[in-house]
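Here's the letter readout for the chains.
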Amino acid sequence: MKIYCLSLGCAKNKVDSECLAGELERAGHSLVSDVEFAEAGIVNTCGFIQPASEESIAAILDLEQLRNEGKLKIVGVVGCLVNRYSEDLIREMPSVDFWAKSEDWASVIRSLGGIPENSRYRTPLPSSSKFTRYLKINEGCSNKCTYCTIPSIRGELRSLPIDTLISEADQLVKEGAVELCLVGQDLTVYGTDLYGKDSLIELIDKLENSLPKDIWIRLLYLHPSRINLKLLERVASGTQVLPYLDIPIQHADPDILYAMNRGILPEELSSIFTTARSINKDFALRTTCMVGFPGEKKQHFDKLLDFVSKTRFDRMGAFTFFPEEGTEAEKMKGQVTETVKKKRLNKLMALQEEISMERQELFVGRVMDVLIERVDREVFFAEGRSFREAPEVDGLIEIRNISEKIKEGDMVKVKITEAMPHDMVGEELK
Ligand code: SF4
């Protein structure tokens, strides 16, 4: 059967979608990039926060519409939204042909009349980048931050064995990957369940020893409470692991951090970033912040502003607290009004915009290795990313006056000529 698979949500869900695609292909189905050419439509949903749940519902309704128009024979819904709301969904959307929880690909194959192989094998989706691939090293989370639904949706921490990850990384490189982004809910706890000890450094060692020397390794989602000097020095000394650290702080006020159950104090947070910059001043530091957490008063928010002002992050994602159904924080006293949340978010992002610009300007005049992601030959223009830009969440480098031979997936030397808060402009060194 020709199947259209829509992958929503985060990079971890994208890996799940590729595992589902692998099972579908092994069962004799083929993936199509356009739903117009499909016989069946499957949406791998996200249910992490309300807006994501709404986006998933809208995608399901779109597929149902196509089925009602006779353009699709079968509609299937899988993933996090099913984990979170299966009973309600099945009751309220009776015309969906099959449902499956995350990673239960065997039931999808059976629903399509096949016999599942139950072997972990990934196939890139037509929408997947060929050159940048995600390697999911663990799933689930046991940290239990009070605002987060992930532990209830994806369960406790489950790390994948190192050997499985090494052979999967090898497969992704054989398929053309030049950048591997390691993802999980929290990379720092990798292996604590499986091997009874932090094993992230061991995994990085084995990846660097087994992969071709020009492959980039990028670490995403590092919980600050388990970051130590050893890990920072290992990342800084890496030959392939990039000097890029994605460390969500969420906040910087001790009372708010405590109420969030982040398990860390502001001074400990601060020492992570000062230590990182003392080891390598070019470390690209990305973080995520949440404003408007229950009980957050102006003085708490000011502490966050002060922390951000002192730390000088390169990149920041920020969002307002939302009382997600079923979380501890949903029932907490001192809920902040939407107006105040928005005002604080704007103030924080305005501060970060200036800081990002200042950090970007440090690279003007420098020559960077850039992974080419898009080439427009008509105007001799290309776009790409250096170690400082993670895929999908950070800015891009625009390269002008490119040479004839340049193509997507190439790693080229680019001299940076101009900086903007999120993007940079440069010229290819010919
Ligand atoms: S570490 Fe991340 S995924 Fe885990 S509970 Fe906290 S916010 Fe959620």
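Everything numeric in this text was worked out from a predicted model, so none of it was measured.

Reading guide: rules and limits
- Residues numbered from 1 in each chain as written.
- Predicted model: local features only at pLDDT ≥ 70, side-chain atom pairs only at ≥ 80, totals over all residues.
- Heavy atoms only, no water.
- Near = heavy atom within 4 Å.
- Nonpolar A, V, L, I, M, F, W, Y, C, P; charged D, E, K, R; others polar.
- Pairing = 2+ DSSP bridges.
- Helix = DSSP H or I, 4+ residues; strand = E, 2+ residues; numbered from the N terminus.
- Contact = heavy atoms within 4.5 Å.
- Axes fitted to C-alpha atoms, helices over the stretch in contact; angles between N-to-C directions.
- Domains from an automatic or database assignment.
- Buried area = accessible area lost by both parts, 1.4 Å probe.
- Salt bridge = Lys/Arg side-chain N within 4 Å of Asp/Glu carboxyl O.
- Polar contact = N/O pair within 3.5 Å; in protein donor to acceptor, adjacent residues only side chain to side chain.

Enquirer: Is there a simple way to think about the site of the ligand in this case?
Expert: Residues in contact with the ligand, as listed here, are Cys141, Asn143, Lys144, Cys145, Tyr147, Cys148, Ile150, Pro151, Gln185, His223 and Arg262. Considering only residue class, the shell around the ligand consists of 6 nonpolar, 3 polar and 2 charged.

Enquirer: Looking at this model, I keep getting lost on the pairing of strand β16 (residues 397–400). Mind explaining?
Expert: Within a regular strand, the side chains alternate between the two sheet faces. As defined by bridge partners, strand β15 (residues 381–385) adjoins β16 across 4 bridges and the pair is classed as antiparallel. Bridging across to β16, Phe381 finds its partner in Arg400.

Enquirer: Please clarify how the sheet that holds strand β5 (residues 98–100) should be interpreted in this entry.
Expert: In a beta sheet, neighbouring strands pair by backbone hydrogen bonds and run either parallel or antiparallel. Spatial strand order, β2-β1-β3-β4-β5: 5 strands in an open sheet with parallel pairing. Two strands close off the open sheet at either side, each with one partner strand: β2 (30–31) and β5. Sheet contacts for helix α2 (residues 50–68): β1 (2–7), β3 (40–45) and β4 (74–79); angle to β3, the most-contacted strand, approximately 175°. Lying over the sheet, helix α3 (residues 80–92) contacts β3, β4 and β5, oriented at roughly 125° with respect to β4.

Enquirer: So what exactly am I meant to see when it comes to the domain arrangement of the protein here?
Expert: Interfaces are frequently sized by the accessible area removed from exposure as the parts join. We note that the domain assignment places domain 1 (2–111), domain 2 (132–359) and domain 3 (367–428) within the protein. For domain 2 versus domain 3, the separation of C-alpha centres amounts to 26 Å. At the interface, 21 residues of domain 2 touch 20 residues of domain 3. Buried area between domain 2 and domain 3, summed over both chains or domains, comes out near 1700 Å², and the portion from carbon and sulfur atoms is 53%. The largest contributions to the domain 2 side of the interface with domain 3 come from Trp216, Arg315 and Met357, which together make up 35% of the buried area. Counting the contacts that link domain 2 with domain 3 gives 4 salt bridges. For Asp314, the salt bridge goes to Arg388, with nearest N and O atoms at 2.7 Å. Where domain 2 meets domain 3, there are 14 residue pairs in polar contact (both at pLDDT 80 or more). Counting residues per element, the side of domain 2 that touches domain 3 draws most heavily on helix α12 (residues 338–361), at 4 residues. For the side of domain 2 that touches domain 3, the class distribution of residues is 10 nonpolar, 2 polar and 9 charged.

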